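Take a look at the letters that make up each chain.
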Amino acid sequence: ATPRGRDAYQIDSDVLESGSVYVLHNRSWEGWLKIGKAFDLDQRMVSYRTCQPSEEKGFEYLVAFPHEQALTIELATHDYLDEKLADDVDNQSRQGEWYYISLEEAIDAIKANWIGEFPN
């Protein structure tokens, strides 16, 4: 059991690696996009909604691309953008998986790190 008394569980490696690479935004933070990975996108969005005070300013996913190697693609996309935006003034204050970029730039970054043929 964990320190909080929960039963320990194990995550299957396929669940950890596969899923969807997604782009989302929050209307409260115009211009900022998050690139992430989720095995179950609907469940992931529910977890975001638990921390939003208003539906009007909530999280909304814009695109999602399923892949068996979604985690690898997500991590490579973060590395790619971290390097590309290292000297970008708009991204100096960024944190974690959030980037001050357009949706087109986010999709291009995912495409640049995609494994296999990129979906339409």
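Figured I'd write up the structure that's included with this text. Worth saying up front: this structure is predicted, and the values here are computed from it rather than measured. (Residues numbered from 1 in each chain as written. Predicted model: local features only at pLDDT ≥ 70, side-chain atom pairs only at ≥ 80, totals over all residues. Heavy atoms only, no water.)

### Here's the deal with the side chain of Asn-91
Basically, it comes down to this: Labels follow the DSSP assignment, with helices taken as runs of H or I lasting at least four residues and strands as runs of E lasting at least two, numbered in each case from the N terminus. Should any heavy atoms of two residues lie within 4.5 Å, those residues are considered in contact.
With respect to the helices and strands, the residue Asn-91 is situated in the loop between α3 (70–84) and β4 (98–100). For Asn-91, the residues in contact, after removing those within four places along its chain, are Trp-32, Leu-85, Tyr-99 and Tyr-100.

### Comments concerning the nonpolar core
Rule in force here: Among the buried residues, those of types Ala, Val, Leu, Ile, Met, Phe, Trp, Tyr and Cys that are joined through side-chain atoms within 4.5 Å form a nonpolar core. Buried residues are those whose accessible area, probed at 1.4 Å on protein chains only, stays under 20% of the maximum for their type, while exposed residues exceed 50% and partly exposed ones sit between those limits.
Residues Val-23, Ile-35, Phe-65, Leu-81, Ile-101 and Ile-110 are the most contacted members of the largest nonpolar core, which totals 18 residues. Those elements that place two or more of their residues in this core are β1 (19–26), β2 (32–38), β3 (59–67), α3 and α4 (103–112). In terms of residues, this core owes the most to one element, α4, which gives 4 residues. One finds Tyr-22, Leu-41, Met-45 and Trp-98 within the second-largest nonpolar core, a separate group that totals 8 residues.

### Observations regarding the packing of aromatic side chains
As a reminder of what qualifies: Only the six-membered ring of Trp is used, alongside the rings of Phe and Tyr, when aromatic pairs are assigned; centres must lie within 6.5 Å, and planes under 30 degrees apart are stacked while those over 60 apart are edge-to-face, with the rest tilted.
Following the criterion strictly, the structure yields 7 aromatic pairs and no others. Seen from their ring centres, Trp-32 and Tyr-100 are 5.2 Å apart, and the 70 degrees between their planes marks the pair as edge-to-face. With Trp-32 in strand β2 and Tyr-100 in strand β4, this residue pair connects regions lying 68 residues apart in the sequence. Residue classification places Tyr-100 among the partly exposed positions, given a relative accessible area of 35%. Aromatic pair Phe-59 and Trp-98: ring centres 6.4 Å apart, planes at 50 degrees, arrangement tilted. Residue Phe-59 is located in strand β3, and its partner Trp-98 is located in strand β4; the two are separated by 39 residues in the primary sequence. With relative accessibility at 10%, the residue Phe-59 sits in the buried group. Under the relative-accessibility criterion, Trp-98 is labelled buried at 18%. Ring pairs connect the aromatic residues Trp-29, Phe-59 and Trp-98, which therefore count as one cluster.

### Considering the sheet that holds β1
So the rule is basically this: A strand pair is defined by DSSP finding two or more bridges across the two strands. Helix axes are fitted only over the stretch in contact, all axes being lines through C-alpha atoms; the angle between N-to-C directions runs from 0 to 180 degrees.
With antiparallel pairing, 4 strands are arranged side by side in an open sheet as β3-β1-β2-β4. Looking at strand neighbours, the two that pair on one side only are β3 and β4, the edges of this open sheet. Across the sheet, the mean angle from the axis of one strand to that of its neighbour is 25 degrees, orientation sign disregarded. Pairing between β1 and β3: 8 bridges, direction antiparallel. Bridging across to β3, Asn-26 finds its partner in Phe-59. In the packing of α3 onto the sheet, the strands contacted are β1, β2, β3 and β4, and the crossing angle to β2 comes to about 150 degrees. Relative to β3, α4 is tilted by about 20 degrees, and along the sheet it contacts β1, β2 and β3.

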